[in-house]
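# Notes for the structure review
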Amino acid sequence: MIKLSRHADPLEPAGQQELIGLWRSEWTRTDYDWLEALNGDYADTLRTVSVVARIDGRAVASATVNFAAHAPETCLIGNVVTLAAFRGQGLAKLVTDAAVAIGFEAGCTLAFLGSSRMEGNVYERCGFIRVAGSIMCRAAPGFEADMTFAPGHAVALRDAQWGDMTGFVRLLTQPLADAVIDMPRGLMSIAAADPKRCVSAFPLVHESVHLRGGVVLMLAAIDSSRIFGMGTLTPGPAPSVSHRGIVDVAAHASYATHRDEMLARLLAAAGSRRIETLEAVVVTSDTAKLEALGRAGFRPVATLPGHLRLRSGPADAVRLELKLT
Ligand SMILES: CC(C)(COP(=O)(O)OP(=O)(O)OC[C@H]1O[C@@H](n2cnc3c(N)ncnc32)[C@H](O)[C@@H]1OP(=O)(O)O)[C@@H](O)C(=O)NCCC(=O)NCCS
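Residues numbered from 1 in each chain as written. Predicted model: local features only at pLDDT ≥ 70, side-chain atom pairs only at ≥ 80, totals over all residues. Heavy atoms only, no water.

Side chains that differ in charge, positive against negative, can pair when their charged atoms come close. All chains considered together, the criterion is met by 19 salt bridges. Here Arg 197 makes a salt bridge to Asp 31, at a shortest N to O gap of 4.0 Å. Residue Arg 197 is found in the loop between β10 (187–188) and α6 (201–211), and its partner Asp 31 is found in the loop between α1 (13–24) and α2 (34–38); the two are separated by 166 residues along the sequence. By sharing partners, the salt bridges in this structure join Arg 244, Glu 279, Arg 319, Glu 321 and Lys 323 into a single network. (Salt bridge = Lys/Arg side-chain N within 4 Å of Asp/Glu carboxyl O. Helix = DSSP H or I, 4+ residues; strand = E, 2+ residues; numbered from the N terminus.)

Turning our eyes to something else, we now look at the sheet that holds strand β5 (residues 110–114). Pairing is mixed in the open sheet, where 7 strands are placed in the order β1-β2-β3-β4-β5-β7-β6. In this open sheet, the two strands that pair with only one neighbour each are β1 (2–8) and β6 (129–132). Strand-to-strand twist in this sheet, taken as the mean axis angle between neighbours without regard to direction, amounts to 30°. Where strand β2 (residues 46–55) meets strand β3 (residues 58–68), 10 bridges bridge the pair, whose relative direction is antiparallel. Each residue of the ladder has a partner; that of Arg 47, found in β3, is Phe 67. The sheet contacts of α1 involve β2, β3 and β4 (74–82), and relative to β3 the element is tilted by about 100°. Against the sheet, helix α5 (residues 164–172) touches β2, β3, β4, β5 and β7 (135–139), its axis set at about 100° to β4. (Pairing = 2+ DSSP bridges. Axes fitted to C-alpha atoms, helices over the stretch in contact; angles between N-to-C directions. Contact = heavy atoms within 4.5 Å.)

The next subject is the layout of surface pockets. Taken as a whole, the largest pocket encloses approximately 1,200 Å³ of empty space. The wall of the largest pocket is formed by 39 residues, among which Trp 27, Asn 79, Val 80, Gly 114 and Tyr 123 lie closest to the centre. Looking at the lining of the largest pocket, the elements with two or more residues in it are β3, β4, α3 (91–105), β5, α4 (122–125) and α6. Tallying contributions element by element places β4 first for the lining of the largest pocket, with 6 residues. Tallied by class, the residues present in the lining of the largest pocket amount to 16 nonpolar, 15 polar and 8 charged. When we break the lining of the largest pocket down by domain, the ones giving at least three residues each are domain 1 (2–139) and domain 2 (155–323). Its volume calculated, the second largest pocket comes out at about 290 Å³. Around the second largest pocket sit 13 residues that line it, and Gly 186, Met 188, Ala 193, Asp 194 and Lys 196 are the ones nearest its centre. In the lining of the second largest pocket, the residues fall into 6 nonpolar, 1 polar and 6 charged. (1 Å grid on protein atoms, 1.4 Å probe; cavity = no way out; pocket = protein on both sides within 12 Å on 5 of 7 lines; lining within 4 Å. Points joined across faces, edges and corners; volume = space filled by probe spheres on them. Nonpolar A, V, L, I, M, F, W, Y, C, P; charged D, E, K, R; others polar. Domains from an automatic or database assignment.)

Looking at the protein chain, the domain boundaries give domain 1 (2–139) and domain 2 (155–323). The C-alpha-based centres of domain 1 and domain 2 are spaced at 29 Å. Taken together, the contact between domain 1 and domain 2 spans 24 residues of the former and 23 residues of the latter. For the pair domain 1 and domain 2, the summed buried area comes to about 2,100 Å², and 67% of that belongs to carbon and sulfur atoms. Considering only the side of domain 1, the residues that lose the most area to domain 2 are Asp 31, Glu 73 and Leu 76, jointly responsible for 25% of the buried surface there. There are 6 residue pairs in polar contact (both at pLDDT 80 or more) connecting domain 1 and domain 2. Secondary-structure elements contributing two or more residues to the side of domain 1 that touches domain 2 are β3, β4, β5 and β6. In terms of residue class, the side of domain 1 that touches domain 2 is made up of 15 nonpolar, 7 polar and 2 charged. (Buried area = accessible area lost by both parts, 1.4 Å probe. Polar contact = N/O pair within 3.5 Å; in protein donor to acceptor, adjacent residues only side chain to side chain.)

This paragraph deals with the site of the ligand. Near the ligand you find 19 residues, and of these Val 80, Thr 82, Gly 88, Gly 90 and Arg 125 are the closest. The contact in question runs from an oxygen atom of the ligand to an N or O atom on the backbone of Ala 92, over 3.1 Å. Protein burial of the ligand: of its 840 Å² of free accessible surface, 71% is covered by the chains. According to the grid-proximity analysis, the pocket containing the ligand is the largest pocket. Elements that contribute at least two residues to the shell around the ligand include exactly β4, α3 and α4. (Near = heavy atom within 4 Å. Areas by Shrake-Rupley, 256 points an atom, 1.4 Å probe, with all protein chains shown as cover. Sits in = over half its atoms within 2 Å of the grid points.)

It is worth spelling out the sheet that holds strand β15 (residues 299–310) at this point. Here 7 strands make up an open sheet; going across it, the order is β8-β11-β12-β13-β14-β16-β15 and the pairing mixed. Two strands bound the open sheet, and with one partner strand each, they are β8 (155–159) and β15. Taken pair by pair, the neighbouring strands of this sheet meet at an average axis angle of 20°, ignoring direction. With 7 bridges connecting them, strand β14 (residues 277–283) and strand β16 (residues 313–323) associate as antiparallel partners.

What follows is about the environment of Ala 315. Note that Ala 315 resides in strand β16. For the pair formed by Ala 315 and Ser 50, sequence separation is 265 residues and the distance between their alpha carbons is 41 Å. With near-sequence residues (within four places) excluded, Ala 315 lies in contact with Val 283, Leu 304, Gly 306, His 307, Leu 308 and Leu 310.

Here it is as structure tokens:
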């Protein structure tokens, strides 16, 4: 007899132990801190609910759903796992469907997850279709045409918060003005390369930038949880290179004019961190980003032939620098 239960973060210690036990049956580490998440450290802005399937009282499978606490619109499914001895009985489908249902009940119209291409992928059986690369999507009934963003949203630039995790994945599936979203982490626009990351894209950037004492900016809609652009300042690595930093910016095609504002904020943040030299590496075809960096004072210092591997083939890049002192 299979029983399903729901567990929202923050979770009490026994529930935490049970989930971590399931996850550790397959993974030894994650892109974000399991304990921080389970203790509710992200819960102000990001709702996280895990579905657990039990057979004879034993937890044997789980799936987790995330959505923004403010104006849920997009949900992400992750941590889908079934204990090895219980696979092939439909448990992953059961917990994935249940996790998606929680997201849709909360008001989300689209669910995303990351999965490798494989024959008979269980998520196809759950109604997910492949958007590109590792990203798969399922629409709530009646919202099949809800994929593309319209222009004209009122936006504000602010520091990233965990609740942006879901909106950021949605941005990854949109037509962006820039081929590269974040050069230090190798995050590319879907138009330029097949995405390798889905749920992990935001935690990867957020954790790695904050470990280096940097800044992640989000160009966020005021009236929804949509994200239209991102800017990063990645200092260091300290202590030996604390005088340098790398910046990058990217935006949805309809909101690309906000690059200048993002760069101004990143330059100010670099100044307050006593960074002396800022660097940017831009694929040569991103002419509008190169112009925005030029307006901010960056000058080319080197060309990097074949620096990136895009869908269209190897692409050249330009390394630019700006002296802040
Ligand atoms: C993927 C996984 C959760 C499937 O669990 P399950 O309870 O056996 O799934 P179901 O019984 O509902 O469906 C079985 C189908 O999943 C498919 N499947 C197996 N591994 C898969 C994977 N990594 N991704 C997607 N589908 C997978 C198989 O094609 C299988 O179909 P079959 O029975 O016709 O061979 C399980 O194999 C697992 O825990 N793997 C390790 C963790 C993992 O890779 N999780 C996915 C992260 S995106």
